Structures are given as C-alpha cells and as structure tokens.
Amino acid sequence: MLDLPYAVPHDLIERYAREGFVRLPGLLDAETLGHYGEEITRLTLALNTQDKPLEERETYDQAFLQVMNLWRSSELARRFVFGQRLAGVAAQLMGVKGVRLYHDQSLYKEPSGGITPAHADQYYWPLASDRAITAWIPLQPVPLEMGPLEFYSGSHHSELGRNLPISDESEARITAEMEAQGHPIDRAAYALGDVSFHGGWTFHRAGPNLSERPRSVMTMIYIDAEMTVAEPVNAMQRTDLAQWLPGLAPGDPAASPLNPVLFDGGLAR
C-alpha cells in the first residue's frame, strides 16, 4: 500500500489551501503500519540520546523523544519513508509536480509526556518558499488523551508568531494570538491509518499523553522538488542548513544527497 496511488479529492485540496492542514482517514492500512511501525519504534528507542528522567527535562524535551533521518539507519525505514503514496498526496496538496525529502523524524511521546508547545515548523527551515508540508503518521490509534496533533485553522495566513521557536513562550504567545485573530483550534482523535498533512507555516500543537501507553508517530517533511535554499534568518535555520542541506548555499537548489526526489509525476528517483 505504500506505493498505491491516491487521488486527493478536489475539495480536500481546497481545504488544505484554506485551512493549512487536512486529515485523510484510512490512508494507510493496519498491516503496513504494523510491519514498518515496529522497526520505526525500535530505531527511535535505540538511537535516542535522551537520558534524563522525564520530570528533569525542559518543556521541549518532555514533549517527545525525537530521532531524525531514520531512512539512513534501516532499509525497512527507508522503504517506508520513500513510499509513493504519501509523497504523491503531498505533491497534490501543494500543487507541485514533484517533491523531495527534507528529512524524516520519529516523535515518541512517552506516557505522561508533556505538551508539544504551539509553533510553526518553517521557523526552523531555510527554504525559499512555503511549498513544504509534513505528513504526521501515527503508528497506533491516538485518542484525545494521548495528545493528537491539533491545528489552528487558517493560521498559515498569519505572520504573527513566525519568529518564535518551540517553547513555553511560543505556547503562550501563539495561543493568545491565534485566539485574538479568530483562528480556531481543530482537535480530533486519529484512528489507525489516518494521516494528516500540514504546511510549514501552519501553527499547531499537541496535548500531553495522559495515557499509560506511548504515542509513537512517524513524520516525513516534503518540499517542492524545485525548492531553493534561502538565506538563514536565525540560528536554528543555520543549523538546519548544515544538517539537512549539507554543502548548499542560499540560492542553490535544495538538492543535497540527503534530499532525494521521492515523487515526480509518479516516478521515484
């Protein structure tokens, strides 16, 4: 099912443009998620470097264990990340011919894990356009008590808060600004197989994991295959440039060896 094409209905493409996110129910099947999810979770726990007890961590580190570019550590993880189905959906939602991988990341919210503060991902990305999108793929059902991803509808049209890294401050200020601007928060549980997509400038957050089970999620960040590198505007973007776009400079195509084309009119490279 990883490579089975999916034609996104036109009304959902319009919704993504209007609201900055969309959830697609049953986009993957339980067998696929079980097969690949076990490996993704194994790698996350094996490669994670967090050694402090949960209660001793800062807010960001209480949110989840985070490991990136699993595709470079396992052929099974690579197979999942390089799947055509999700990459094709990303291209359709952004209205582009093809997409490259920016990077993948596993987000493992432990039992009693804290909130994921409100933020916009593209604060971290030295990219020249907003044609960037994240697929959020739970590896088990995520009821409200486990902290599913929440989105501020239409918030990608707002520039307030774009200068804030993920933090206690971003949670307080963005939450207040979104309410003041009339961007309602959209909160929903995820069934197994549901996948959401959100744009780089869409503000989002997640609640704490109040359950006794871990919330294991895999994400892929896709960018327009014709994306170019922007001049970094903060220290985080300078770090991202070196880490995820190695050897590239502002104005270059965002096409390092770490950014393969995953979808190009139906043809993987």
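Keep in mind that this is a model prediction, so the values were computed, not measured. (Residues numbered from 1 in each chain as written. Predicted model: local features only at pLDDT ≥ 70, side-chain atom pairs only at ≥ 80, totals over all residues. Heavy atoms only, no water.)

Draft legend 1. The pattern of salt bridges, seen in detail. As enumerated under the stated definition, the model contains 11 salt bridges in all. Note that Asp-264 and Lys-97 form a salt bridge whose closest N and O atoms lie 3.9 Å from each other. Placement of the pair is Asp-264 in strand S11 (residues 261-264) and Lys-97 in the loop between helix H5 (84-94) and strand S3 (98-109), with a sequence separation of 167 residues. Of the charged contacts, one joins Arg-173 and Glu-169 as a salt bridge, the two residues approaching to 2.9 Å between their closest N and O atoms. In this pair, Arg-173 and Glu-169 are both assigned in helix H6 (residues 168-181), four residues apart and thus about one turn of the helix distant. (Salt bridge = Lys/Arg side-chain N within 4 Å of Asp/Glu carboxyl O. Helix = DSSP H or I, 4+ residues; strand = E, 2+ residues; numbered from the N terminus.)

Draft legend 2. Up close: the pairing of strand S8 (residues 195-199). Among the five residues of S8, five are classified as buried, and the element is accordingly described as predominantly covered. What you see with S8 is no split at all: Val-195, Phe-197 and Gly-199 on one side and Ser-196 and His-198 on the other are buried throughout. Bridge analysis of strand S1 (residues 21-24) against S8 gives four bridges, and the strand direction is antiparallel. Paired with Phe-21 across the two strands is His-198, which belongs to S8. (Buried < 20%, exposed > 50% of the residue type's maximum accessible area, 1.4 Å probe, protein only. Pairing = 2+ DSSP bridges.)

Draft legend 3. Structural view of the nonpolar core. By size, the foremost hydrophobic cluster in this structure holds 41 residues, and its most contacted members are Phe-80, Leu-86, Ile-137, Phe-197, Met-220 and Tyr-222. When residues of this core are assigned to their parent elements, the largest contribution, seven residues, is made by H5. With residues near it in sequence (within four places) discarded, Ile-137 still touches Leu-28, Leu-33, Phe-80, Leu-86, Val-195, Ser-216, Val-217, Met-218 and Met-220. Ranked by size, the runner-up nonpolar core spans 16 residues in total, among them Ala-132, Trp-244, Leu-245 and Ala-254. (Core = buried A, V, L, I, M, F, W, Y, C linked by side-chain atoms within 4.5 Å. Contact = heavy atoms within 4.5 Å.)

Draft legend 4. Structural context of the packing of aromatic side chains. For the coordinates displayed, the defined rule picks out six aromatic pairs. Ring geometry for Trp-71 and Phe-82: centres 5.2 Å apart, planes at 50°, overall tilted. Here the residue Trp-71 occupies a position in the loop between strand S2 (65-68) and helix H4 (75-81), and Phe-82 occupies one in the loop between H4 and H5, the gap between them amounting to 11 residues. Trp-71 sits in the buried class, given a relative accessible area of 12%. The class for Phe-82 is buried, based on a relative accessible area of 13%. A centroid spacing of 4.9 Å and a plane angle of 85° characterise the contact between Tyr-123 and Tyr-124, whose relative ring orientation is edge-to-face. We note Arg-78 situated over the ring of Phe-82; from NZ or CZ to the ring centre the distance is 4.1 Å. Over the ring of Trp-201 we find Arg-162; its NZ or CZ atom is 4.3 Å from the centre of that ring. (Phe/Tyr/Trp six-rings, centres within 6.5 Å; stacked < 30°, edge-to-face > 60°. Lys NZ or Arg CZ within 6 Å of the ring centre and 35° of its normal.)

Draft legend 5. Quick peek at the sheet that holds strand S4 (residues 116-119). The strand order across the open sheet formed by four strands is S4-S9-S6-S7, and the pairing between neighbours is antiparallel. Across the chains shown, the open sheet's two edge strands, defined by having one partner strand only, are S4 and strand S7 (185-186). Bridge count for S4 against strand S9 (residues 204-206) is two bridges, and the pairing is antiparallel. Bridging across to S9, Thr-116 finds its partner in Ala-206. Packing of H6 onto the sheet brings it into contact with S4, strand S6 (149-152) and S9, and relative to S4 it is tilted by some 50°. (Axes fitted to C-alpha atoms, helices over the stretch in contact; angles between N-to-C directions.)

Draft legend 6. Quick look at H6. A rise of 1.5 Å per residue sets the reference length of H6, with its 14 residues, at 20 Å; its end C-alpha atoms lie 20 Å apart and thus fit the reference within 8%. For H6, the complete set of buried residues consists of Ser-170, Glu-171, Ile-174, Glu-177 and Met-178. Seen from one end, H6 has its buried residues packed into an arc of 155°, which puts them on one side. Projecting away from the buried face of H6 at angles above 90 degrees are the exposed residues Glu-179 and Ala-180. The secondary structure elements touched by the buried residues of H6 are S4, S6 and S9. Near the N-terminus of H6, the side chain that reaches the backbone nitrogen of Glu-169, with its oxygen 3.3 Å away, is that of Ser-167. Trailing H6 by a residue or two, Gly-182 shows a phi angle of about 80°, which is positive. (Expected span 1.5 Å × (residues − 1). Arc of directions from axis to C-beta. Polar contact = N/O pair within 3.5 Å; in protein donor to acceptor, adjacent residues only side chain to side chain.)

Draft legend 7. Just unusual backbone geometry, in detail. Positive phi outside glycine occurs at Asn-69, with the angle close to 50°. Turning to its location among the elements, Asn-69 is positioned in the loop between S2 and H4. Among the residues examined, Asn-69 registers a relative accessible area of 6% and is labelled buried. Notably, Ser-112 is not glycine yet its phi reads approximately 70°, a positive angle. In this fold, Ser-112 is placed in the loop between S3 and S4. The exposure class assigned to Ser-112 is exposed, which follows from its relative accessible area of 56%.

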